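Chains, contacts and geometry: an overview
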Amino acid sequence: VSEPNAAFDSPDGAVRRYGDSRVPGWDQASDLWDDPAQVPDLATTPVPDELRAEIEAHIAKYPDPRSAAIPALAAVQRRYGWCTPEGVQQAAAVMRLTPAYLMAVATFSDMLETRPVGRNTVYVCTNISCSLLGADALLERVRGEVGEDPEFNVRGFECLGACDIAPMASVNGTYVGPIALDEVPALIDQVRAGEEPLPAKQLRRRPSVDEAATKVPGA
Amino acid sequence: MSVKLLLEGIDEPDLRTIEVYRRRGGYRQAPTALAMPREALIEELKASGLRGRGGAGFSMGRKASFLPQGDMDKYLVCNADESEPGTFKDRELMFKNPHGLIEGMIIGAYAAGANRAFIFIRGEYAEVADVLDEAVAEARDAGELGGLELHVHRGAGAYICGEETGLLDALEGKRGNPRLKPPFPANQGLYQGPTLINNVETLMTVPYILRMGAAEYAKIGVENSTGTKVISISGNVQRPGNYEIELGISSREIVYGLAGGPAPGRSVKLWFPGGSSAPVLTADDLDVPYDFDSLAKAGSMLGSGAIIVVDDSNSVVDVCLKLASFYRHESCGKCTPCREGTNWTVKMLERIRDGLATPMDLDIMASVQTRIIGNCLCVLGDAMAMPVGSMIAKFRDEFEQHLEEIALGGPASGLHVEASGIPRALAGTASGDHA
C-alpha cells in the first residue's frame, strides 16, 4: 500500500513523466499485429494437477464459475509466489476466461501480487489507530531489519482490523501485536528460520477485554 | 448491571467447536425459527428494532421483508469484509464463536427465503476464515445446515468490497466496483437474484432475539436504538478492545470508563465515534449518548461502532492526511468526484503539511469535500469528505497555526506522515506488460 510505484515515482520522490503524461506507454501505438486476447486452450496449456483440482473445487461452489476468480488467483499466488503470467494463463485455461480478465481482478486487490515478490509477507498496518501508536516507525524498523532480503515482501498496509493490538503486523497471515521496536530483530529471525512469529504476541492467544468474556452463561 | 449477549463467555475454551456451542444452547433457535411462518419471523425481527450493525443502521426486519418471494434463486450474503479503519468487532466474534454466525445465517436465510448463502470475508482475516471453514464443515456434517448451501468466500484486500454492491461484484468474480442503485440488492443483487446482505454482528444477534423474544430484546437500549452493540475502541486509550454496551450509555463511559481514556497527562483531542468515516467529535461531545439518533444529532454517526480516540499529543494535520490517503488508495476510481476528490485532498494536505499552502487553501479544500458528498454511486468519497470537512471546520485554528509555524521556521509536525501508495484506479496501468 505504501509502496512507491517504480513506474510512477522515482526514488527521490519526484513524479516521473513520460512526455506529457504520468502514464507510461501512453504515446506508443498498441501492437496491432498481436492476436486478440484468447481463452487459453486447456489441452495445450500445461496446468499442474493440484492447481487444476483446487480451482475446479472453487468453481463448483458457485452458480457462476467466474466467482472463483479471486480464489483461483490466490491459489496461483500460493503456488508460484505471485500471480505469474504462466500461472494466470493456467488459471484462465481452467476457468475458460481470458488472462486479461483475471489480471483486471488481480490488480484490484492489494493482496494479489502482479510482480515478483518475496515469499514471506509482512504487512505492517499503517492506518490511523496503529499510526497513533508508532506504526510508521515500526514499518521503517522492519524494512531496515529485512534489508534487501529477496525472501521478504514487506508492505505498509491499510487497516488490518486489529487496532486492539496496535501497532501490529500480519506475518505470513498470522496477526501479531503489539510489536515493540526492539522485538523486530527477533521477529524477522523467527520468520527466516520458519518459526512461529512472536508466539506470545499472537492475536489468537489474546483474551477479550470485556469483563463478560470469561463468564459462562447460566453459571 | 448491563446486559451482555454476544461477548458473554466468548472466551470459553473450544466455543468454536460444535459440541461446546450446543452445550451452551446453540442451534436451538434455528429449528424454532424454521418452524415459524416466514412472515411471523420477519415481524419478530421488525419488532425487536434491530438495526444493521455494519454502518448504515437500517432495520434488519424491514430489509428482509423487501425481498420478493417466488421461485427464483435468492441469496443471503454475510458481509464479513470488515475493513473500516478502527473496526475489529466482527473479527473477534467470528473467530471465537463461528457457529453463532452460522446459526444466525440459517435463520437469516429462512427470513430471506434463500437457499444459498455466502460469507464474504476479507482476505487479510485468513486465520478467521480457516476457523469459519472448519465450523461450516462441522455444521454441515452435523446436519444443522439443512438444505442451505453455505460457503466462505475470501476476498483479497479491497476496502470497497465492504460496500454492498461492490461486494456483490467481487463475489461474482469481477473488480469490486459499486453498482448504481436502484435496483437495490433486495430486488437484483447477486447473480441478478434477490439478495439479503447483512453484517456479521447483525446476523449473530438474531438467535439472541429469538431466544429472549423480540419484546424483551427491544427493552434493552433506548428508543430507535435497541439492543446491545459491540464497540471496538482503539487509538490513544489505555485498554483498547471490544466491549459490549447497551446502546444509549454515555460516550464518556465508554472512552474513560471501559477503555481507560488516554494515557495519564493526556487528554482527548478528537474522536471518531463510528469508524474513520464518521465526522469527528471533540472532547466537548463526550457526554453524547452512544446511540444512532443522538450521534446523528451531534453531527456524526454510529457507523460500525468503532471509536478511535486521538489525544492532544497528535497533530490534526497528520491525522487528516493519514485518513485522506487511505480513501485515496481505496477509491475504486469509477466515479470522478471520489477518484479525483480524494486524490486532490491528499495533495492539498501534503502542501499544508509542508507549509506550502495558505489559509485560503483550507477553504478550497473544504469546498472540494462538499462537492464529493452525494455525487457518487457509493459513499466512499463521502466517507472521506465528512471527517475531513469536520476536521477543517472544528480545528481550523490548528491548521492555520501549523502553516504559520512553518512559515516562521518553527517546528513542523512531529510525526512525518507519508501518504500511502498509488490510487487503486491507477493500479495495473504500469504493470500491464504481462496481462
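What comes next is a walk through the structure. Sequence positions are assigned chain by chain, starting from 1 and proceeding in written order. Naming scheme: in the order in which they are written, chains are lettered from A and ligands are numbered from 1. It should be noted that, the model being predicted, local features are given only for residues of pLDDT at least 70 and side-chain atom pairs only at 80 or more, the latter also being counted only at that level, while totals for whole chains, interfaces and linings use all residues. For the side-chain quantities, the full set of heavy atoms in the structure was used; hydrogens and water were omitted.

It is worth spelling out the packing of helix α15 (residues 359-372) of chain B against helix α16 (residues 380-394) of chain B at this point. Residue and element names in this part refer to chain B. Fitted lines through C-alpha atoms give the axes, limited to the stretch in contact for helices. The angle between two N-to-C directions lies from 0 to 180 degrees. Only runs of H or I of at least four residues qualify as helices and only runs of E of at least two qualify as strands under DSSP, and these elements are numbered from the N terminus. Two numbers describe how α15 lies on α16: the axes approach to 8 Å, and their chain directions differ by 145 degrees. Along this stretch, α15 crosses α16, giving a crossing that reads as left-handed. Of the residues in α16, those touching α15 at Leu362, Met365, Ala366, Gln369 and Ile372 are Gly381, Asp382, Met384, Ala385, Val388, Gly389 and Ile392. Following the grouping adopted for this structure description, the nonpolar residues are Ala, Val, Leu, Ile, Met, Phe, Trp, Tyr, Cys and Pro, the charged ones are Asp, Glu, Lys and Arg, and the polar ones are all others, Gly among them. When the residues that make up the contact of α15 with α16 are grouped by side-chain class, the tally is eight nonpolar, three polar and one charged. Working rule for handedness: look at the near helix, and if it is turned counterclockwise from the far one by less than a right angle, call the crossing left-handed; if clockwise, right-handed. Contact definition: two residues touch when any of their heavy atoms are within 4.5 Å.

Our focus in this paragraph is the interface of chain A and chain B. Tallying the contact residues gives 64 residues for chain A and 81 residues for chain B. Carbon and sulfur atoms supply 59% of the area that chain A and chain B bury against each other, a total of about 6000 Å² over both sides. Throughout, the accessible surface (probe 1.4 Å) given up by two parts as they are put together, summed over both, is called the buried area. Contact with chain B buries area across many residues of chain A, yet Phe108(A), Ile128(A) and Leu132(A) alone supply 13% of it, more than any other trio. A pairing counts as a salt bridge when a side-chain nitrogen of Lys or Arg comes within 4 Å of a carboxyl oxygen of Asp or Glu. The interface formed by chain A and chain B holds five salt bridges in total. Linking Arg204(A) and Glu127(B) is a salt bridge whose minimum nitrogen-to-oxygen distance equals 3.0 Å.

Residue and element names in this part refer to chain A. Its place among the elements puts Thr45 in the segment before α1 (49-59). Any pair of N or O atoms that falls within 3.5 Å is considered a polar contact. Within protein, one atom must be able to donate a hydrogen and the other to accept it, and sequence-neighbouring residues count only if both atoms are side-chain atoms. Polar contacts involving the side chain of Thr45 include one to the main-chain carbonyl oxygen of Asp41, which spans 2.6 Å. Setting aside chain neighbours within four positions, we find Thr45 in contact with Pro40, Gln89, Gln90 and Ala93.

Moving on: the side chain of Ser170(A). By the element assignment, Ser170(A) lies in strand β3 (residues 169-171). Those residues in contact with Ser170(A), other than ones at most four positions away along the chain, are Thr121(A), Val122(A), Tyr123(A), Leu160(A) and Tyr175(A).

Leu101(B) and Phe272(B) are the most contacted members of the largest nonpolar core, which has 159 residues in total. When residues of this core are assigned to their parent elements, the largest contribution, nine residues, is made by helix α13 (residues 316-330) of chain B. Phe272(B) has contacts with Ile128(A), Ala278(B), Val280(B), Ala306(B), Ile307(B), Ile308(B), Val310(B), Val319(B), Leu323(B), Pro387(B) and Met391(B), leaving out every residue within four places of it along the chain. If you look at the next biggest cluster of nonpolar residues, it comprises 20 residues, including Ile231(B), Val237(B), Tyr243(B) and Ile254(B). Buried Ala, Val, Leu, Ile, Met, Phe, Trp, Tyr and Cys residues that are joined via side-chain atoms within 4.5 Å together make up what is termed a nonpolar core. In this scheme, a residue with accessible area under 20% of its type's maximum is buried, one over 50% is exposed, and one in between is partly exposed, where area comes from a 1.4 Å probe on protein chains only.

Let's shift gears to the packing of helix α5 (residues 89-96) of chain B against helix α9 (residues 200-212) of chain B. Helix-helix packing is described using two parameters, namely the angle between the two axes and the distance between the axes. Residues and elements named next belong to chain B. At their nearest, the axes of α5 and α9 sit 9 Å apart, and the two run at 50 degrees to each other. Taken together, the axis directions place α5 and α9 in an arrangement best described as oblique. As α5 packs across α9, the resulting crossing turns out to be left-handed. Contacts between α5 and α9 pair Lys89, Asp90, Leu93 and Met94 from the former with Val200, Glu201 and Met204 from the latter. Should an angle lie under 35 degrees it is considered roughly parallel, over 145 roughly antiparallel, and from 65 to 115 roughly perpendicular; all remaining angles are considered oblique.

Right, let's talk about unusual backbone geometry for a bit. Residue and element names in this part refer to chain B. The residue after Lys181, namely Pro182, is reached through a cis peptide bond having omega -5 degrees. If you trace the backbone, Pro182 turns up in the loop between α8 (164-171) and β4 (195-199). The amide bond that connects Pro182 to the next residue, Pro183, takes the cis arrangement and shows omega of 0 degrees. Secondary-structure assignment places Pro183 in the loop between α8 and β4.

Residue and element names in this part refer to chain B. Aromatic contacts are taken between Phe, Tyr and Trp rings whose centres are within 6.5 Å, Trp giving its six-membered ring; a plane angle under 30 degrees counts as stacked, one over 60 as edge-to-face, and the others as tilted. As enumerated under the stated definition, the model contains nine aromatic pairs over all chains in all. Look at Phe58 and Phe66: their rings are 6.0 Å apart centre to centre, the planes differ by 45 degrees, and that puts the pair in the tilted class. Classification of Phe58 by relative accessible area gives partly exposed; the value is 36%. Accessibility expressed as a relative area gives 42% for Phe66, which makes it partly exposed. When the ring centre of Phe292 is taken as origin, the NZ or CZ atom of Arg51, which lies over that ring, is 4.1 Å away. In this scheme, Lys NZ or Arg CZ marks a charge over a ring once it lies within 6 Å of the ring centre and within 35 degrees of the ring normal.

The quantities given are spatial measurements derived from coordinates; they are silent on function.
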